[in-house]
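# Observations on the model geometry
These are the residues of each chain, in order.
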Amino acid sequence: MIALVLVEHEGGQLKDATLATVTAASKLGEVHLLVAGENVGGVAEEAARIAGVAKVHVADNAAYAHGLAENVAPLVVELMQHCDAFLAPATTTGKNIAPRVAALLDVMQISDILSVEGPDTFTRPIYAGNAIATVQSSDARKVITVRGTAFEKAAKEGGSATIEQTGGTGDTGLSSFVGQEVAHSERPELTSANIIVSGGRALGSSEQFHALIDPLADKLGAAVGASRAAVDAGYAPNDYQVGQTGKIVAPEVYIAVGISGAIQHLAGMKDSKTIVAINKDEDAPIFQVADIGLVGDLFKLVPELTEKL
Ligand code: FAD
């Protein structure tokens, strides 16, 4: 079986989400990668060094410069003539491209898998992660998105895959790139950070959110996250959101500040190795999953903690 993995990259660098997807793909069979973009020779070489990869297909074409799903999906479909499964990380990019591939191949997508139980059998979360379903697909070709936190990352070095250029299908003319606004941060990326400090509604305003959460995160070299309530209230940008409708994270340490622990928030962070909760309500549900709990007023505790660090 050949499993084709979509390589996520940005600014000429391969993104970590790809590595966990490679591990998932390796449980299905021979791993091939697809690098689509413009001037992506460096990314292709980086991809070829990932342990366990047999072949890297490179589609270097202006049509793929911005990763438009309308252009990338037909390219994947073309490569799927020789592959049995297509796997993409369950990120916004993967979730944009994989459903189109599934539709074009006329197969069901298997979303957000947590494990590979066999060539056609997978587990995936349902009910916001409160139950795990085992699903079996009878489709001849599988289209799968992979939850990155559920699989070990493949080693970045150690492989020596062959690199093969592919012309691809080019611009379908269905969409065009207008522009993008990218938030730049010196902090680690939320989904690959070792430590995350997340703030909730209790922070009360954007000013207080940044005045309390940012210094603590900076002291710890942590990424900053937020609950949906904090995002909806405008205290934190949308891409900070952790949870069922935000990002799924599993860092070594997750510090939840003024977050109640609603199931939709827990769905995004409960697999964190150590959970620390700061909340003034000792009955807050977050304490049911927390390894370390601090009951008290965050406006007093957080500056104290930051200072002591
Ligand atoms: P609250 O629930 O209001 O909790 C605030 C907490 O702060 C309370 O526990 C309170 O005791 C504590 N507090 C108040 N003042 C202080 C103080 N001074 N010091 C210390 N503690 C204090 N939510 C997400 O986070 N992510 C998602 O992806 C997500 N997806 C959703 C999807 C759906 C379909 C739905 C219906 C909801 C979703 N939600 C999500 C929303 C979720 O249900 C909660 O409403 C949200 O997580 C609550 O955010 P919060 O904990 O910041 O706020």
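Here is what the cut-offs are and how they apply
Residues numbered from 1 in each chain as written. Predicted model: local features only at pLDDT ≥ 70, side-chain atom pairs only at ≥ 80, totals over all residues. Heavy atoms only, no water. Near = heavy atom within 4 Å. Polar contact = N/O pair within 3.5 Å; in protein donor to acceptor, adjacent residues only side chain to side chain. Areas by Shrake-Rupley, 256 points an atom, 1.4 Å probe, with all protein chains shown as cover. 1 Å grid on protein atoms, 1.4 Å probe; cavity = no way out; pocket = protein on both sides within 12 Å on 5 of 7 lines; lining within 4 Å. Sits in = over half its atoms within 2 Å of the grid points. Nonpolar A, V, L, I, M, F, W, Y, C, P; charged D, E, K, R; others polar. Buried < 20%, exposed > 50% of the residue type's maximum accessible area, 1.4 Å probe, protein only. Helix = DSSP H or I, 4+ residues; strand = E, 2+ residues; numbered from the N terminus. Pairing = 2+ DSSP bridges. Points joined across faces, edges and corners; volume = space filled by probe spheres on them. Axes fitted to C-alpha atoms, helices over the stretch in contact; angles between N-to-C directions. Parallel < 35°, antiparallel > 145°, perpendicular 65-115°, else oblique. Left-handed = near helix turned anticlockwise from the far one by under 90°. Contact = heavy atoms within 4.5 Å.

## A short note on the site of the ligand
Taken together, the neighbourhood of the ligand is formed by 25 residues, with Arg201, Ser227, Thr245, Ser260 and Gln264 sitting nearest. One of the side-chain N or O atoms of asparagine 279 is found 2.8 Å from an oxygen atom in the ligand. Relative to its unbound accessible surface of 990 Å², the ligand loses 76% to contact with the protein. Under a 2 Å grid-point criterion requiring more than half of the atoms, the pocket assigned to the ligand is the second largest pocket. Taken together, the residues of the shell around the ligand break down into 7 nonpolar, 13 polar and 5 charged.

## Brief notes about the pairing of strand E11 (residues 142–146)
Counting buried residues in E11 gives 5 out of 5 residues, a clear majority hidden from the surface. Neither face of E11 is open: one carries Lys142, Ile144 and Val146, the other Val143 and Thr145, and all of them are buried. When strand E6 (residues 85–89) meets E11, the two strands line up parallel, connected through 5 bridges. Across the sheet, residue phenylalanine 86 finds its bridge partner in E11, namely valine 143. By the bridge criterion, 3 bridges tie strand E7 (residues 109–113) to E11 in an arrangement that is parallel. Residue pairing for E11: isoleucine 113 is matched across the bridge by valine 146.

## Quick look at empty space enclosed by the protein
Overall, the coordinates contain 1 cavity of 30 Å³ or more when judged by the stated rule. Each pocket or cavity is described by its volume, and for the largest cavity that value is around 40 Å³. Every residue along the wall of the largest cavity is listed here: Arg147, Ile248, Val249, Leu266, Ala267, Gly268, Met269, Lys270 and Asp271. Considered class by class, the residues forming the lining of the largest cavity number 5 nonpolar, 1 polar and 3 charged.

## Description of the layout of surface pockets
There is about 430 Å³ of room inside the second largest pocket. If you trace the second largest pocket, you find 24 residues lining it, with Arg201, Ser227, Gly258, Ile259 and Ser260 closest to the centre. Among the secondary structure elements, those contributing two or more residues to the lining of the second largest pocket are helix H6 (228–232), helix H7 (263–269) and helix H9 (298–308). Residue classes in the lining of the second largest pocket are distributed as 7 nonpolar, 13 polar and 4 charged.

## Describing the packing of helix H3 (residues 69–79) against helix H4 (residues 92–105)
Put simply, H3 and H4 touch, their axes get as near as 9 Å, and they point 50° apart. Relative to H4, the element H3 lies oblique. In the crossing of H3 with H4, the sense of the turn from one axis to the other is right-handed. Where H3 abuts H4, its residues Ala69, Glu70, Val72, Ala73, Pro74, Val76 and Val77 lie against Asn96, Ile97, Arg100, Val101, Leu104 and Leu105. Class assignment for the residues of the contact of H3 with H4 results in 10 nonpolar, 1 polar and 2 charged.

No statement about biological role is implied by the geometric values presented.
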